[in-house]
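# Remarks on the overall topology
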Amino acid sequence: MDLLKQKILIVDDEKGLRLGTKRLLEKEGFDVVTAENGTEGIALGTSTEFDAAIIDMKMPDFDGILVLKEIIKKYPNTVCFIATAYASYDTAIEATRVGAFSYIPKPFSPDELLLQISKGLEKRELNLQKERWQKEREERLLEVAFEKTRLNTIINSISDGVLVINKNGEAVLYNPSALKFLALKNIKIEEYIIDKLPEKLAEQVKQFLNSSEYLKRSLTVQLQMKADNELFVEATTSPVPAPDGSLAGVAIVIKNITELKKIEFLKSQFVSMVSHELKAPIAAVYGFLKLISDKSMNLSPDKQNEFINRSIVRLDSLLKMVNDLLDISRMEMKTTQREIKELNILDIIKNIMDLFQLEIKKRNLNVNIKSSEINPLFKGDQDEITRLFTNFVSNGIKYNKQNGSLVINIEKNDDYLVTEIKDSGIGMRPLEKDKLFHEFYRVKNEFTKDISGTGLGLSIVKRIIDSYAGKIEVESEFGTGTTFRVFLPVVDNALKENKVTLNNIQSV
Amino acid sequence: MISVDKKILLVDDDLDLLDQNKILLESKGFKVVTAEGSKKGWEVFKLELPDAAILDLIMEEHDSGFILAHKIKKDEHGKKIPVFILTSATYITGFKFGASTEEEKEWINCDGILNKPIVIDDLVNKLEIFFSDHITK
């Protein structure tokens, strides 16, 4: 069988007609198969797909209509003709009703037959084309649907809010984050949305939609969505172009910036606190100078001297505070140059103690330094670690009682080198303890009023310890004393060494 | 001079400023009693029953002055005397508040906000206006 040739099936019990037609059609270039009764016709017509079939209406075994039905049940695109010698209006209707392309009255002339067949095949070609297109279209749709689902899944899983609005101001696309960040209950696709947006954002969107020309830039607005700094978002609106270059709508991306805002708030709070702390000593010195310079005050030379000395004390503490602030700022900006090397904590503490000999004698303190290790080693920057322990020793002396004690105990466990600094000082109340590491916090009571300090020492200490991934514990009882425990990690010193060196290069 | 027998209570947690303002007021003929901090301030107020009180705003807490002013204004004697809050907070926080309208006096509960540093002549002026008003009434 030639695959390129169109195939025609002839089902007829009349041998002469069957063969005559076969010859005629073969001459015309068709591939022709014949069947001499209905049974054979059904068998052939349903086993392979023929382009066309000419079926005799009256056969001894089966009716031609039945054969036709069977064939098109299997191959609906096979063009079937009913050939009949008893042409009547009814037969014609019956044949086409069950699916015949047309009927051919017998006897037929070759031209008539060929004309009919060519028409039928044309129709079949159209049908096949239609089917192909339909199939293609369905596949396309399926693909689009899949793409759409995939896109939706991606957009829905983005943590930023996404909202797309068309040029009529109707919502086209959105994700759950957008609803959450814009405090929208539920929106419908193609619903007019602009009225529901926060005012500032609505205005921003309108700028794009109402503009006579296509705006190429994006606009950003920050919105407070909940009171008390609980939800701050930043919405960026960008134009979406249509294929012809005009504006199709806008895409809005909504970011949660609550944490950033919180940091911003803390920073400005810090600045205002710093200003207040810096202003106090300046005001005090200014006041003293004014009094001294005011002749009408008639200050005695002793009084004048006292005021000068008190001014010096205030300026001295101001200087210390500025230095501490600079240190904090350096730590925050991570511009401190660290020189990491193996340090002997015991040596460092002993050196610090030497510097405080005078104060220790003044208070007649009993100092005791113990260590479970002969060489308690820690890898760190000498200046920082010295600063860290100086602060604790200084506090332990400053806030101690006359004839009190200061005990320092160094121990090493699996994870940490633990240094305990225990004083018999004035101690703290629980509320005071909680605020201990806050900038500028100083415990204020009858015992502390004559003790000077910037209120930044422990805040700096905390930063140093944090930067070495260590931790700190405080135990205190008001009137009895305070114990600080400093935990410096020693476990993966080998691992950490690499990291620290790396950090060092980047001048952490 | 009206100031002669008037007793002023000064409350501030900065000892230096407390001393300075004391000297300034004394130079104008006032008697001055001082207290370091708001807790002490209340005790001295009850003990001395001053003719006026000048309270620093930021002491132990950021609003210690307001709270003490409120307490004094609720007191039988405190109702009759002028209470001033001393602060530079408006400058630092950028938050403007005053006690010029009745509404502000209601919730801040004081007779005036004084900016730091004290300009002594202004303060004396304010006090004298208050005292003379009181006498004519």
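Basis of the calculations
- Residues numbered from 1 in each chain as written.
- Chains lettered and ligands numbered in written order.
- Predicted model: local features only at pLDDT ≥ 70, side-chain atom pairs only at ≥ 80, totals over all residues.
- Helix = DSSP H or I, 4+ residues; strand = E, 2+ residues; numbered from the N terminus.
- Buried ≥ 20, exposed ≤ 12 C-beta atoms within 10 Å, placed from the backbone.
- Contact = placed C-beta atoms within 7 Å.
- Nonpolar A, V, L, I, M, F, W, Y, C, P; charged D, E, K, R; others polar.
- Axes fitted to C-alpha atoms, helices over the stretch in contact; angles between N-to-C directions.
- Parallel < 35°, antiparallel > 145°, perpendicular 65-115°, else oblique.
- Left-handed = near helix turned anticlockwise from the far one by under 90°.
- Pairing = 2+ DSSP bridges.
- Expected span 1.5 Å × (residues − 1).

A word on the overall build of chain A. On a plain count of helices and strands, chain A comes out with 15 helices and 17 strands. Looking at chain A as a whole, 24% of its 508 residues are labelled buried. A separation of at least 24 residues holds for 59% of the contacts in chain A among residues at least 6 apart in sequence.

Counting secondary structure elements, chain B contains six helices and five strands. Along its sequence from the N terminus, chain B presents helices and strands in the succession β-α-β-α-β-α-β-α-α-β-α. Scored against the burial criterion, the 137 residues of chain B give a buried share of 40%.

Our focus in this paragraph is the interface of chain B and chain A. Quoted interface sizes are often the accessible area lost when the parts come together. Counting residues at the interface gives 13 residues for chain B, matched by 15 residues for chain A. Those elements that provide at least two residues to the side of chain B that touches chain A are α1 (15-27) and α4 (89-93) of chain B. Grouping the amino acids of the side of chain B that touches chain A by side-chain chemistry returns five nonpolar, four polar and four charged.

Relative to each other, helix α8 (residues 258-293) of chain A and α1 of chain B sit at 30°, their axes nearing to 9 Å. Compared by their axis directions, α8 of chain A and α1 of chain B come out roughly parallel. In this structure, the crossing between α8 of chain A and α1 of chain B has a hand that is left-handed. Residue-level contacts link Ala283, Ala284, Gly287, Phe288 and Leu291 of chain A of α8 of chain A to Asp16, Leu17, Gln20 and Ile23 of chain B of α1 of chain B.

The next thing to look at is the sheet that holds strand β5 (residues 112-115) of chain B. Residues and elements named next belong to chain B. Spatial strand order, β2-β1-β3-β4-β5: five strands in an open sheet with parallel pairing. Pairing within the sheet leaves two strands with one partner each, and these edge strands are β2 (31-35) and β5. With direction set aside, neighbouring strand axes in the sheet form an average angle of 25°. Bridging between strand β3 (residues 52-56) and strand β4 (residues 83-87) involves four bridges; their strand directions are parallel. Paired with alanine 53 across the bridge in β4 is valine 83.

This brings us to the sheet that holds strand β7 (residues 171-174) of chain A. All names here are of chain A. The five strands lie next to each other as β7-β6-β10-β9-β8, forming an open sheet whose pairing is antiparallel. Unpaired on one side and paired on the other, β7 and β8 (219-226) mark the two borders of the sheet. Adjacent strand axes in the sheet meet at a mean angle of 25° when their direction is disregarded. Bridging between strand β6 (residues 161-166) and strand β10 (residues 247-256) involves six bridges; their strand directions are antiparallel. Bridge pairing links isoleucine 165 to valine 250 in β10.

Right, let's talk about the packing of α8 of chain A against helix α9 (residues 301-333) of chain A for a bit. All names here are of chain A. Put simply, α8 and α9 touch, their axes get as near as 9 Å, and they point 160° apart. Classified by the angle their axes make, α8 and α9 are roughly antiparallel. For the pair α8 and α9, the sense of crossing is left-handed. When α8 is examined against α9, the residues Val274, Glu277, Leu278, Pro281, Ile282, Ala284, Val285, Phe288, Leu289, Leu291 and Ile292 are found in contact with a partner set consisting of Gln304, Phe307, Arg310, Ser311, Arg314, Leu315, Ser317, Leu318, Met321 and Leu325. Classifying every residue of the contact of α8 with α9 gives 15 nonpolar, three polar and three charged.

Bringing unusual backbone geometry into the picture now. The amide bond that connects lysine 106 of chain A to the next residue, proline 107 of chain A, takes the cis arrangement and shows omega of -10°. Here the amide bond leading from lysine 116 of chain B into proline 117 of chain B is cis, since omega sits at -10°, within 30 degrees of zero. The topology assignment puts proline 117 of chain B in the loop between β5 and α6 (120-136). Within the chain, alanine 469 of chain A stands out as a residue other than glycine whose phi angle is a positive 60°. On the secondary structure map, alanine 469 of chain A appears in the loop between α14 (457-467) and β16 (471-477). Looking at alanine 469 of chain A, the number of C-beta atoms within 10 Å reads 11, which means it is exposed. Positive phi, normally seen in glycine, also occurs at leucine 49 of chain B, with a value near 45°. Note that leucine 49 of chain B resides in the loop between α2 (38-48) and β3.

Bringing the pairing of β8 of chain A into the picture now. The two faces of the sheet receive side chains in turn, since in a regular strand these alternate between them. Residues and elements named next belong to chain A. Both β8 and strand β9 (residues 231-241) contribute to a ladder of seven bridges, which runs antiparallel. Paired with leucine 219 across the bridge in β9 is threonine 237. Where β8 folds back onto β9 in an antiparallel hairpin, the turn is made up of four residues, including aspartate 228, whose phi is positive at roughly 60°.

What follows deals with α8 of chain A. The terminal C-alpha atoms of α8 of chain A lie 52 Å apart, and with 36 residues this matches the ideal 52 Å at 1.5 Å per residue to within 8%. Within the sequence span of α8 of chain A, burial applies to Ala280, Pro281, Ala284, Val285, Gly287 and Phe288 of chain A. In this fold, the buried residues of α8 of chain A make contact with α9 of chain A together with α1 of chain B.

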